[in-house]
Amino acid sequence: MPQDSDFSQTVKVNLFELTNEELHHRLLNRAADERRLTHQILQLIAEVDQRKLYLPMAQASLFDYLVTLIGYTPASAQRRIDAARMMQQVPEVGSKIENGSLKLSQVSQVQKVLRLVRKTDNLQLLPDEKKDLLAKLENKTGAESELILAQEFKLPPQTQFRQKIQQDESVRIELTLSKEQIEIVERAKALLSHALPGATLAEVIVSLAERYVRTRVGAKSKSKGQTETKMKTEMKTETETNAEAWTKSSIDQGSTSAPEGTERQRRGVSKQAIPAAIKKNVLSRNQGCEFRDAKTGRVCGSKMFLEVDHVQPRFAGGGNEPFNLRPMCSSHNKFRYTAGC
Ligand SMILES: [Zn+2]
């Protein structure tokens, strides 16, 4: 009588009995099933995206939702998001992924390039132009697609950046610097040589980052050791990013919860600014977004694009006292306001 654990063994035996042709066709069929399933998954992801279903579930973005609650790796999640969003503009993409003439990774390559040219050349393709571009990539390999895209958009040579978290939580970074860029880094290294004799490039970069952070958020936590330096640099950089994101979205609106800006003005509520020290203190807690899913108790925790949220909204009489303020990511700050929760 075979045990449960013998199942895989049984499958192995059965597979072993297949002829080469049977094995190949079985794999072909299963791969077709997989692509059909992928198409269905993309449709579901597109619908989740439309509904912003991830927000009430305490996820700051579709990406976070797919990684945290669905279980995709970051790269898999990004590929599916890219394809699902492309499918919303070019519906044929779904059937092409299903029949195998386009791969998820190719659609993702296209989206990546489109993001790049939108940023660098302010170039935005119409849905029909995207459709034509994708047609050129059908049945091409990843490398062929890369070349077609590079030529199509006259992209400069790739300077790929790689980052890998290692066993001891250190991060291995591989990056390309141009001749001019390495010269300026070397110059900084030379200028720092009195303070940091014999420093490695990594130590120079961290030291420069620390100096910059100190000029922006103060010197309250001076580094004591390398690990601590690394942690604090990350922490402070995050605070800085948050502060910058916050400033960008909020400062012109009277420094309170960003989405409330126009509404507040409409309602004629006072625009009294949150004192800078209190604001900095709220954003420096380093706990991330405090939005909580009322059903599961799950807290968002995102540290990106943090804003200061009023627990008791200002239009409902809430003030700028520290106990009435909390960090909240801009997605949840907007969501909370629009959903009235
Ligand atoms: Zn959030």
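Residues numbered from 1 in each chain as written. Predicted model: local features only at pLDDT ≥ 70, side-chain atom pairs only at ≥ 80, totals over all residues. Heavy atoms only, no water.

**Some remarks on the coordination of the zinc ion**
Protein coordination of the zinc ion is provided by Cys 289 (SG), Cys 300 (SG), Cys 329 (SG) and His 332 (ND1), with donor distances spanning 2.1 to 2.5 Å. In this structure, the zinc ion is surrounded by four donor atoms whose angles at the metal cover 102 to 125 degrees, and the resulting shape is tetrahedral. (Donors = N, O, S within 2.8 Å, 3.2 Å for Na, K, Ca; no water. Tetrahedral: all angles 85-135°; square planar, octahedral: opposite > 155°, others 65-115°.)

**Quick notes on the pairing of strand β2 (residues 171-174)**
Pairing of strand β1 (residues 162-165) with β2, which is carried by four bridges, proceeds in the antiparallel orientation. When the bridges of β2 are listed, Arg 162 appears paired with Glu 174. Hairpin connection, β1 to β2: the antiparallel pair is bridged by five residues, and Glu 169 has positive phi, about 70 degrees. (Pairing = 2+ DSSP bridges. Helix = DSSP H or I, 4+ residues; strand = E, 2+ residues; numbered from the N terminus.)

**A few points about the side chain of Thr 38**
Take Thr 38: it is sitting in helix α2 (residues 20-51). Discounting residues that sit within four places of it in the chain, Thr 38 has contacts with Ile 97 and Leu 104. (Contact = heavy atoms within 4.5 Å.)

**Digging into the packing of aromatic side chains**
Taken as a whole and judged by the stated rule, the model has one aromatic pair. Pairing Phe 291 with Phe 335 gives two aromatic rings, centres 5.8 Å apart and planes at 75 degrees, and the pair type is edge-to-face. Of this pair, Phe 291 sits in the loop between α13 (276-283) and β3 (306-310) while Phe 335 sits in helix α14 (residues 330-339), placing them 44 residues apart in sequence. In terms of burial, Phe 291 and Phe 335 fall into one category: buried. (Phe/Tyr/Trp six-rings, centres within 6.5 Å; stacked < 30°, edge-to-face > 60°. Buried < 20%, exposed > 50% of the residue type's maximum accessible area, 1.4 Å probe, protein only.)

**Topic: the pattern of salt bridges**
On inspection of all chains with the given rule, the structure shows 11 salt bridges. A salt bridge links Asp 49 to Arg 85; the shortest N-O distance between them is 2.8 Å. Here Asp 49, found in helix α2, pairs with Arg 85, found in helix α4 (residues 74-89); they are 36 residues apart in sequence, far enough to count as distant. Here Asp 49 falls in the buried class, since its relative accessible area comes to 11%. Two residues, Arg 326 and Asp 309, come together in a salt bridge whose shortest N-O distance is 2.9 Å. Here Arg 326, found in strand β4 (residues 325-329), pairs with Asp 309, found in strand β3; they are 17 residues apart in sequence, far enough to count as distant. In this pair, the class of Arg 326 matches that of Asp 309, namely buried. (Salt bridge = Lys/Arg side-chain N within 4 Å of Asp/Glu carboxyl O.)

**Here we look at the confidence of the model for the protein chain**
Here the protein chain shows a mean pLDDT of 81. Residues at 70 or above account for 79%. Model confidence for the protein chain, summarised as mean pLDDT per element, is weakest for helix α11 (residues 226-250) at 39 and strongest for helix α3 (residues 62-70) at 97. When the criterion is pLDDT under 50, residues 1-6 qualifies, and its contacts beyond four places in sequence or with other chains add up to zero contacts. (pLDDT = per-residue confidence, 0-100.)

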